[in-house]
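Next come the chains, spelled out residue by residue.
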Amino acid sequence: MAAELEPFIALDEAIARVGGSMRVLKHLAWPEGQKRRFLTSWRSGRPVLPDVAFEPVAYDGPIRELETLMESCDRGHPIGNHLWKTAWSYATVGRMLGAIGTPMFTDYSAALYGRPDIVYERQGLSAIHAADSIMAVTSDLVTGDVVAKADTTITAEAFAARLRAALNDFFTDDPVEVVVSSGMSAKAAAASKRVRLREGAMFSELDFAQLLNHEALTHTLTSINGKRQPLRALGLGSPRTTRTQEGLAVFSELVTFAIDIGRLRRVALRSQAVHLALSGADFIEVFEHFLAAGQTESESYHSAQRIFRGGDVRGSVAFTKDGAYLEGLVLVQTFLRKAIAVGREELIPLIFAGRLTLGDTIELEEFFTNGVLAPARYIPPWAQGLRQLAANLAYSLFMGRIQMDLVDLGRFIDLDEPDSAQSSSVYA
């Protein structure tokens, strides 16, 4: 143990003990039977809001303990500041769960996971702008016959067997279990020792590449690497790391060509749905939004249910976590492009060294450099070749400057004319 870490060990252990015992999703789970009742009412033409009541969870004791620990954190030291922010994250979780069903629930959720309508002042853009753009650009492709839908013909059990074999080959020193579980809202979820698949879910061939990169080679990978760190906080995966985690996971799908239009639209739809719910739309209206975008009744129900976990099915009070995927993607890709642009590509492997935020990689860089913190044991294949990744991102910096609304496909014909070099351009 490095001497520089000694002042922080007791704080780290205490924060990990208190924060690690707090669970979010288990307190926000919907009761069984709601899906059947809602869809029956919907099909009858007289939809009725789901009858869901959540009880606030009392975490007063852990919150007080975390506040005391925060007072002991030296925020002037990068590691002390990291521990403070980790403790704050868990204390905010406690407050959020204590405010279930009330407007404060949304406020605490937004503090942890963000909200899609927040505009980044220097850019004048928000995640909603990205979501609306994605939906507009892809709408014609999904309504016609240009892009075929992936066939979901693989059972959860068969899918688990294939995923299990792939993980055994990659995580050579750290066995990862793949299990099929009931009561899940997502089709898959990952932790450091286990990947869970939803019982009864059907998967496609494309799902394999998506889940391998998103769940296993991002969430499981960073969790395993974090468990190898001398500080337990780096392996906890506190809620403040969600935007980076989910953004990195979706980016991994993009860069490996594992994502398809349907999946990208689901990510965009989630941000739109969170925005709708926060703006007052009720469960039925959010359900209809997913349905109108092409999701099945069952998919639309599960998608809307995610937004209203811990919230109010009448609208305005919502769980904003599903907006973190797209906002996180924008942040991760921007971070990677900027790191390449300014010659700081050494920051990229640090993102995988634990459950970190993008800011953590900068703030804690010196401790990875001097060996106080451990390098990532596992790095996903797409990030192992930094020269190739740098080439991709460097070129994307230029392509981002091209204004696509000024491009006319017909001008490519003009470009073929003998005098086109002097007389025309596809960009004008």
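Report on the accompanying structure. Values in this document were obtained by computation on a predicted structure and should not be read as measured data.

A tally of helices and strands in the chain yields 19 helices and five strands. A globule of 428 residues ought to have a C-alpha radius of gyration of about 22 Å, and the chain, at 23 Å, matches this closely. Along the longest, intermediate and shortest principal axes, the C-alpha atoms of the chain span 75 × 60 × 45 Å. When burial is assessed residue by residue, the chain has 50% of its 428 residues classed as buried. A separation of at least 24 residues holds for 72% of the contacts in the chain among residues at least 6 apart in sequence. Accessible surface, the chain as shown: approximately 20200 Å² in total, 53% of it carbon and sulfur. Separation between the mean location of the 43 positive side-chain charges and that of the 51 negative ones in the chain comes to 5 Å.

Counting 117 residues, the largest nonpolar core has Leu 167, Leu 197 and Phe 283 as its most contacted members. Sorting elements by how many residues they give to this core places helix α4 (residues 78-98) first, with nine residues. Ignoring anything within four residues of it in the chain, the contact list for Leu 197 reads Ala 156, Phe 159, Ala 160, Val 178, Val 179, Val 180, Ser 181, Met 184, Lys 187, Ala 188, Phe 203 and Leu 211.

Next up on the list: the environment of Ala 87. Tracing the backbone through its elements, the reader meets Ala 87 in helix α4. For the pair Ala 87 and Gly 19, spaced 68 residues apart in the sequence, the C-alpha separation amounts to 7.1 Å. For Ala 87, the contacting residues outside a window of four places in its chain are Ile 15, Leu 66 and Met 70.

Turning our eyes to something else, we now look at the packing of aromatic side chains. Overall, the coordinates contain 17 aromatic pairs when judged by the stated rule. Ring centres 5.8 Å apart and planes at 40 degrees place the aromatic pair Phe 170 and Tyr 378 in the tilted group. Of this pair, Phe 170 sits in helix α7 (residues 156-170) while Tyr 378 sits in the loop between α15 (365-369) and α16 (381-384); the two residues are 208 residues apart in sequence, bridging distant segments of the chain. Exposure remark for Tyr 378: the relative accessible area of 3% places this residue in the buried category. Judged by centre distance (5.4 Å) and plane angle (70 degrees), the rings of Phe 251 and Trp 382 are edge-to-face. Residue Phe 251 is located in helix α9 (residues 242-255), and its partner Trp 382 is located in helix α16; the two are separated by 131 residues in the primary sequence. Classification of Phe 251 as buried rests on a relative accessible area of 4%. It is Lys 187 that lies over the ring of Phe 203; its NZ or CZ is 4.5 Å from the centre. Over the face of the ring belonging to Tyr 378 we find Arg 377, whose NZ or CZ atom lies 4.3 Å from the ring centre.

Rules used throughout
- Residues numbered from 1 in each chain as written.
- Predicted model: local features only at pLDDT ≥ 70, side-chain atom pairs only at ≥ 80, totals over all residues.
- Heavy atoms only, no water.
- Helix = DSSP H or I, 4+ residues; strand = E, 2+ residues; numbered from the N terminus.
- Rg over C-alpha atoms; globule rule 2.2 N^0.38 Å.
- Buried < 20%, exposed > 50% of the residue type's maximum accessible area, 1.4 Å probe, protein only.
- Contact = heavy atoms within 4.5 Å.
- Areas by Shrake-Rupley, 256 points an atom, 1.4 Å probe, with all protein chains shown as cover.
- Lys, Arg positive; Asp, Glu negative; His and termini not counted.
- Charge placed at Lys NZ, Arg CZ, Asp CG, Glu CD.
- Core = buried A, V, L, I, M, F, W, Y, C linked by side-chain atoms within 4.5 Å.
- Phe/Tyr/Trp six-rings, centres within 6.5 Å; stacked < 30°, edge-to-face > 60°.
- Lys NZ or Arg CZ within 6 Å of the ring centre and 35° of its normal.

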